[in-house]
Amino acid sequence: MEFSAEQIAGLLGGIIEGQKDIKVNNISKIEDAQEGTLAFLANPKYTSYIYSTKASIVLVNNDFKPDKTISATLIKVEDAYKAFASLLEIYQQYKSNKIGISDKAVIEKTAQIGEDVYIGANVYIGENAIIEKEAKIYPNTYIGDRVTIGEHTTIYSGTNIYSDCLLGKYCTVHSGVVIGSDGFGFAPQTDSEFKKVPQIGNVVIENNVEIGANTTIDRATIGSTRIKNGVKLDNLVQIAHNVEIGENTVIASQTGVSGSTKIGKNCMIAGQVGFAGHLNIGNNVKIGAQSGVHKNIPDNSILQGTPVVPYREWYKTASILMKLPEMKVTIDKLKKQIES
Amino acid sequence: MEFSAEQIAGLLGGIIEGQKDIKVNNISKIEDAQEGTLAFLANPKYTSYIYSTKASIVLVNNDFKPDKTISATLIKVEDAYKAFASLLEIYQQYKSNKIGISDKAVIEKTAQIGEDVYIGANVYIGENAIIEKEAKIYPNTYIGDRVTIGEHTTIYSGTNIYSDCLLGKYCTVHSGVVIGSDGFGFAPQTDSEFKKVPQIGNVVIENNVEIGANTTIDRATIGSTRIKNGVKLDNLVQIAHNVEIGENTVIASQTGVSGSTKIGKNCMIAGQVGFAGHLNIGNNVKIGAQSGVHKNIPDNSILQGTPVVPYREWYKTASILMKLPEMKVTIDKLKKQIES
Amino acid sequence: MEFSAEQIAGLLGGIIEGQKDIKVNNISKIEDAQEGTLAFLANPKYTSYIYSTKASIVLVNNDFKPDKTISATLIKVEDAYKAFASLLEIYQQYKSNKIGISDKAVIEKTAQIGEDVYIGANVYIGENAIIEKEAKIYPNTYIGDRVTIGEHTTIYSGTNIYSDCLLGKYCTVHSGVVIGSDGFGFAPQTDSEFKKVPQIGNVVIENNVEIGANTTIDRATIGSTRIKNGVKLDNLVQIAHNVEIGENTVIASQTGVSGSTKIGKNCMIAGQVGFAGHLNIGNNVKIGAQSGVHKNIPDNSILQGTPVVPYREWYKTASILMKLPEMKVTIDKLKKQIES
């Protein structure tokens, strides 16, 4: 789709300097823009680019005064960055405007479907499942029996949600996510075989949660694995049975949290971190990438390493670790000198 | 569904103390139970909870004698823990009682389907595939040509099993698992491009194997990648081409095993471990979390670290690693003292 | 299917020594071959196996002269290894000869479908998507609106490709891959909640790229996440938003690349490596397994460790790291000796 400078200026309450009828069909960065796209200039560091940019339209602040000729059409607004951000949101909403129920979806008769939902082709919705109003379920997704999907929640294609799991409102679940698979619980038997421990709990996802592609969240053995309001999980994260993740905690890609560990609120966990099981991690904790967490962690800690230590300690040691061979030579020499 | 105290006591051969007709619809832990649920008391450490629990029914041992009034209805049995475990299994079986073939499944005519199977909506079953009796295949699963799914094996939704792979009896495969994708084999060419090495083997999964959500198991270049009887793989595990995993070995989440490595039986491999290719790992080996295994490992080893060393060595070093900056200061001081 | 020695000799231009009409239905290694299979002998180290192999047919070099009786039928060719490799390819092509459009696929009317494609059951193809000629799309795959799949590209079952992503020619995408999920971008708000940054870019996959099972590639915030010609990604790899991977770079399983990092061409990245965001990694770089890359890396570097250092340094330190407790004892002793 295409928008004219006039339409965009209208949306943003801006003033046009240039061609009213020039059109754009995409958004770009000012430093590598192509013709037919819209860019913005907010940071003065980037000002030089406005004289050479190929963008057809550039959003600028009201107080911007060019030194030289500019080929792009300008739209002047109070705050170019905010105006650009709101355009992005309008564009995003435009692109996710799916609605209606495909006749190629398979929906059990006992399921309850709210108003103005989107349910794509090849979706399966189980017995007594509840899909609340304005939820969007993309094609090839599996929604098990008695699952609830809250209002305005979007489930992208190819997601699998096992029976009895509950998802809140305004969540986004990306493709390939698995919610509610069995926890990894096996009781060793005398003959070195293992017997499965039944996993009869569920997963509860609260509101405003985002879950990245191919992330897995196991159901609780008993009770609920719980992902609280505002949590953001990146791709390929592993959340084991009976884990709890506190409000607004953010976890980057490929991190794993073992069974029954509780992580507090407002934590920032980097990528490829591992948490042992049955731990209590406080609030506002920051953990660096690839760390291994093996013990309880108090509030406000900043940690790194395997096993984790305070970040400053880790940094000091990591900085001189490669001097170890040299240190060994020195020690051996000193020993000889003293012995002789 | 709801069960009365009378029904449960009947199932377990227990004696009721309290209301015969009180009903429960879920199972919980005694310390955080809600009304309408059943809990159990076996460990004396938890005895205090029985006087305050909100559980409607509590299973207790025959010899349990309360000190104070208890509001919950009690069911007395010989062994409360075992009775609870058998209830869990009954509940689990009740919940996985799916049967029948959906008319929205797509099954090639040459496929052979056994008796009493469950095949859900949007399942695809390829040419000459064999689904043995009482197997369960949940919706949106792909079963390639000439695949065999053994008796009583359950394949959860959205699983992908490539052609020619063989799965045994009583296995459980969770959602999003990929079995039989091509091994990562490419021959470098003189122009720094790579040419794919055809991957014409398959994957053989023996009996009583459980495979966690979104785990990937590549087919062999030639021959079979083999997962032996009783193996348990957690979520997001990577098994490369021509790997063999021995009987009853357990591998936790996000661990990766590179091509042609053989792991023995009864091993316990923690999470986020990496194995290099072409290794022989013995039987009864234990490897700690986030370790890197780069060499052959004899039977009964207990190892940790990157690269792995005996656990005790690793522990000793890890315990003092953060003293390294201090050690360096001391060495430099000693050096000066001796030189002067 | 079965092939006779005569058919195979005809294909390869070889000469038969033994039974013309003996048949094989599979391929194996000479050292563990079963009856009814074909093996090859090229490396003289394996010569002893030819006298005991159970393979029905063995490809050998023209100049091979047996010392003893051989029960297998031989086919003599100029280069047994090359002849075997070309047989593998013929076999692979035979097995992937799917063609035609399933009437159980759901294809939007505005999609353009080329000639001689394969589109399996339960595939969804969105509005204005383009599937070029001879592409193969296996069952249960999701192709979003305005996606292009290039000529001769194969998409295995259960793959999810979000709207607006572009895939080139002769690519192979394995099951469970997610292409085009939202980048992990959230702007912190004053109340410790996060606001999603719209992710309106796409993913561009060039030609001859192979992507392993359950790998995830996020779309760019603005612009494109780009995987260049000839790149090979293994299973469970994470590629974040706005990343670029250069030509013919190979990345092994479970490695993660954070947002906006650019990796050069002809690099070899081992498994379970983590890259921080916004880095520039040069060409011909090699990174060892489980490394953590936190800074820009010049061309031709060979690195290992967390954080990465030149491989030789890492190796020297890793070799003596377990001597640290002993070193500490020595230092403490020396200190006492000097003080007294």
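Chemist: Any chance you could explain empty space enclosed by the protein here in plain terms?
Modeler: The rolling of a water-molecule-sized probe over the atoms marks out the regions of remaining empty space. Using the criterion set out here, one finds four cavities of 30 Å³ or more in the structure. Space inside the largest cavity adds up to approximately 180 Å³. Class assignment for the residues of the lining of the largest cavity results in no nonpolar, 18 polar and no charged.

Chemist: I would appreciate a short explanation of the interface of chain C and chain A in the present structure.
Modeler: Note on interface size: it is often stated as the accessible area lost on association of the parts. In this assembly, 63 residues from chain C lie in contact with 51 residues from chain A. Note on chain C versus chain A: buried area summed over both sides is about 4,500 Å², and carbon and sulfur give 64% of it. The three residues of chain C that bury the most area against chain A are F184, I200 and I222 of chain C, which together make up 15% of that side's buried surface. As a salt-bridge pair, E89 of chain A and K195 of chain C come within 3.3 Å of each other at their nearest N and O atoms. Run the count over chain C and chain A and you get 25 residue pairs in polar contact (both at pLDDT 80 or more). Within the residue set of the side of chain C that touches chain A, elements represented by two or more residues are β21 (178–181), β23 (194–196), β26 (216–218), α3 (311–320) and α4 (324–339) of chain C.

Chemist: Just to check I follow, could you spell out a nonpolar patch on the surface for this structure?
Modeler: A cluster of nonpolar side chains, I302, Y311 and Y315 of chain A, forms an exposed patch at the surface whose accessible area comes to about 310 Å². Tracing the chain through its elements places Y315 of chain A in helix α3 (residues 311–320).

Chemist: Would you take a moment to explain the packing of helix α1 (residues 5–12) of chain A against helix α2 (residues 80–95) of chain A for this structure?
Modeler: Two packed helices can be described by the angle between their axes and the distance between those axes. Residue and element names in this part refer to chain A. At a minimum axis separation of 11 Å, α1 and α2 run at an interaxial angle of 105°. Compared by their axis directions, α1 and α2 come out roughly perpendicular. Contact residues: α1 offers I8, L11 and L12, while α2 offers A83, S86, L87 and I90. When the residues that make up the contact of α1 with α2 are grouped by side-chain class, the tally is six nonpolar, one polar and no charged.

Chemist: Quick question: what am I supposed to make of the sheet that holds strand β31 (residues 250–251) of chain A here?
Modeler: Residues and elements named next belong to chain A. The strand order across the open sheet formed by twelve strands is β8-β11-β14-β17-β20-β25-β28-β31-β34-β37-β39-β40, and the pairing between neighbours is mixed. Whereas interior strands pair on both sides, the edge strands pair on one side only; in this sheet they are β8 (100–101) and β40 (309–310). Examined bridge by bridge, β8 and strand β11 (residues 118–119) share two bridges and lie parallel to one another. Paired with I101 across the two strands is I119, which belongs to β11.

Conventions used here
- Residues numbered from 1 in each chain as written.
- Chains lettered and ligands numbered in written order.
- Predicted model: local features only at pLDDT ≥ 70, side-chain atom pairs only at ≥ 80, totals over all residues.
- Heavy atoms only, no water.
- 1 Å grid on protein atoms, 1.4 Å probe; cavity = no way out; pocket = protein on both sides within 12 Å on 5 of 7 lines; lining within 4 Å.
- Points joined across faces, edges and corners; volume = space filled by probe spheres on them.
- Nonpolar A, V, L, I, M, F, W, Y, C, P; charged D, E, K, R; others polar.
- Contact = heavy atoms within 4.5 Å.
- Buried area = accessible area lost by both parts, 1.4 Å probe.
- Salt bridge = Lys/Arg side-chain N within 4 Å of Asp/Glu carboxyl O.
- Polar contact = N/O pair within 3.5 Å; in protein donor to acceptor, adjacent residues only side chain to side chain.
- Helix = DSSP H or I, 4+ residues; strand = E, 2+ residues; numbered from the N terminus.
- Patch = residues over 30% accessible without salt bridge, like charges linked within 9 Å, V, L, I, M, F, W, Y side chains within 5 Å.
- Areas by Shrake-Rupley, 256 points an atom, 1.4 Å probe, with all protein chains shown as cover.
- Axes fitted to C-alpha atoms, helices over the stretch in contact; angles between N-to-C directions.
- Parallel < 35°, antiparallel > 145°, perpendicular 65-115°, else oblique.
- Pairing = 2+ DSSP bridges.

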